[in-house]
Amino acid sequence: MSPRDTRNRRNRVTESHARVFAAWLAAATVSGLFASGCASGGVQGYAETLWREDMGRITQGTLEDGLDKMVRKYGLLLNRQEEAARDLYYETAWTTRDLYAVEETQGVSSARNRIVIQGRRLEAGVFRFSWELQNQVTTAATPEWHANLIPPEVVEEYRPIYSDLMLEVRTGVRR
């Protein structure tokens, strides 16, 4: 085999390896995206810009009693409360907060959160509720408020509110 043939064979092998590696990398990336999407679609979890929990089956009165206590205890402002056909919607006002280190490294200039609780009527007086903590930030590049990755520290900061609300709801269950 001549040196030129050897060089051509090496180039073909290298190109072949590069194509195999690129295909493997693409498959691994798609698998990772699919797996992370499935993991966040369950009953609970936080991914991306919010933290969501399934609160279960609760009567409207029980939820509102617990929510009223949490609003007073934690100094929250209930900004919106709506009832439409089969749906209930509760939303606190946005609360600005201090930045965490991970946000500062991302160039975040300010951050805020709010709680949204939504219910869907299952039967007379009973709803399935979900809790959602939303996260928004501003940056120098995007000075308008926009959704951003929620740091784990924010979830831990709001976990006592969620836990206390669930305790109130579970001890005050009226079905």
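Preceding block: the structure.
Keep in mind that this is a model prediction, so the values were computed, not measured.

J.: Describe in detail helix α2 (residues 60–74), supporting the description with residues and values.
T.: In this model, α2 (15 residues) spans 21 Å end to end at C-alpha, consistent with the 21 Å of a helix rising 1.5 Å per residue. For α2, every residue scored as buried is listed here: Gln60, Thr62, Leu63, Gly66, Leu67, Met70 and Val71. Burial along α2 is one-sided: seen end-on, the buried residues are contained in an arc of 165°. Summarising the geometry of α2, the exposed residues directed more than 90 degrees from the buried face are Arg72 and Lys73. Of the surrounding secondary structure, the elements contacted by the buried residues of α2 are β2 (50–59), β3 (78–84), β4 (87–92), β6 (108–123), β7 (126–139) and α4 (152–171). Phi turns positive, to about 65°, at Gly75, one or two residues after α2.

J.: Any details on α4? Residues and values, ideally.
T.: With 20 residues, α4 ought to run about 28 Å at 1.5 Å a step, and its terminal C-alpha atoms sit 28 Å apart, in line with that. Of all bends in α4, the biggest is about 35°, found at Tyr158, and the proline Pro160 comes one to four residues later. Taken together, the buried positions of α4 are occupied by Val154, Val155, Tyr158, Ile161, Tyr162, Asp164, Leu165, Met166 and Val169.

J.: Can you break down the pattern of salt bridges residue by residue, with the values?
T.: For side chains of opposite charge, pairing can occur when their charged atoms come near one another. Evaluated as defined, the whole model comprises twelve salt bridges. For Glu82, the salt bridge goes to Arg80, with nearest N and O atoms at 2.7 Å. Overall, the relative accessible area of 39% leaves Glu82 in the partly exposed class. With a relative accessible area of 34%, Arg80 lands in the partly exposed category. Bridged by salt links that share partners, the residues Arg80, Glu82, Glu91 and Arg114 form one connected network.

J.: Can you break down the side chain of Thr62 residue by residue, with the values?
T.: Of note, Thr62 is situated in helix α2. Within the local environment of Thr62, its side chain forms a polar contact with the side chain of Thr59, the two groups lying 2.7 Å apart.

J.: Got a sec to walk through the packing of α2 against α4? Specific residues and values, please.
T.: At a closest axis distance of 9 Å, the pairing of α2 and α4 adopts a crossing angle of 140°. What the angle tells us is that α2 and α4 run oblique. Handedness of the crossing formed by α2 with α4: right-handed. Seen from α2, the contacting residues are Thr62, Leu63, Gly66, Leu67, Lys69, Met70, Lys73 and Tyr74; seen from α4, they are Pro160, Ile161, Asp164, Leu165, Glu168 and Val169.

Reading the values: the criteria
Residues numbered from 1 in each chain as written. Predicted model: local features only at pLDDT ≥ 70, side-chain atom pairs only at ≥ 80, totals over all residues. Heavy atoms only, no water. Helix = DSSP H or I, 4+ residues; strand = E, 2+ residues; numbered from the N terminus. Expected span 1.5 Å × (residues − 1). Buried < 20%, exposed > 50% of the residue type's maximum accessible area, 1.4 Å probe, protein only. Arc of directions from axis to C-beta. Contact = heavy atoms within 4.5 Å. Bend = angle between axes of the 7 residues up to and from the residue. Salt bridge = Lys/Arg side-chain N within 4 Å of Asp/Glu carboxyl O. Polar contact = N/O pair within 3.5 Å; in protein donor to acceptor, adjacent residues only side chain to side chain. Axes fitted to C-alpha atoms, helices over the stretch in contact; angles between N-to-C directions. Parallel < 35°, antiparallel > 145°, perpendicular 65-115°, else oblique. Left-handed = near helix turned anticlockwise from the far one by under 90°.

Everything listed here is a matter of geometry and, on its own, says nothing about what the molecule does.
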